[in-house]
Amino acid sequence: KGDYKKQFEIREALMLKNIKTFTNQNSKNIIIVVGDTHLRTIQTPELGKASPFYKYNFNIIRSKYPEIK
């Protein structure tokens, strides 16, 4: 409860660390499912910066009904 911005930053950093670790160990494609809010394209005061996932060469498929832009 409270600082969602920091919580999202920590969780997304951990997700990216796990993705990097797994892809370094395997040469095949992998699928990762994350909540749509972790794929936001805008910055908000509550959640912080836009999603860090867009900085990588990931094939991102979002919900037809996104929770946030």
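All residue numbers here refer to positions counted from 1 along the written sequence of the relevant chain. Totals for whole chains, interfaces and linings use every residue, but because this is a predicted model, local features are given only for residues with pLDDT of at least 70 and side-chain atom pairs only at 80 or more, for both listing and counting. With hydrogens and water stripped out, all remaining heavy atoms of the structure feed into the side-chain values.

Engineer: Could you clarify how one ought to interpret the overall build of the chain in this entry?
Structural biologist: Scanning the chain from terminus to terminus reveals one helix and zero strands. A principal-axis box enclosing the C-alpha atoms of the chain has dimensions of 40 × 25 × 20 Å. By residue count, 23% of the 69 residues in the chain fall in the buried class. Considering only residue pairs separated by 6 or more positions, the chain has 50% of its internal contacts joining residues 24 or more positions apart. Per-residue accessibility takes into account occlusion by the displayed protein chains alone, with areas from the Shrake-Rupley method and a 1.4 Å probe. Carbon and sulfur atoms make up 54% of the accessible area of the chain, which totals about 5800 Å². Secondary structure elements are taken from DSSP: a helix is a run of H or I of four residues or more, a strand is a run of E of two residues or more, and numbering for both begins at the N terminus. Exposure is judged per residue with a 1.4 Å probe applied to protein chains only, and the accessible area is read against the type maximum: over 50% gives exposed, under 20% gives buried, and values in between give partly exposed. The contact criterion used throughout is that any non-hydrogen atoms of two residues lie within 4.5 Å.

Any functional reading would require information that these geometric values do not contain.
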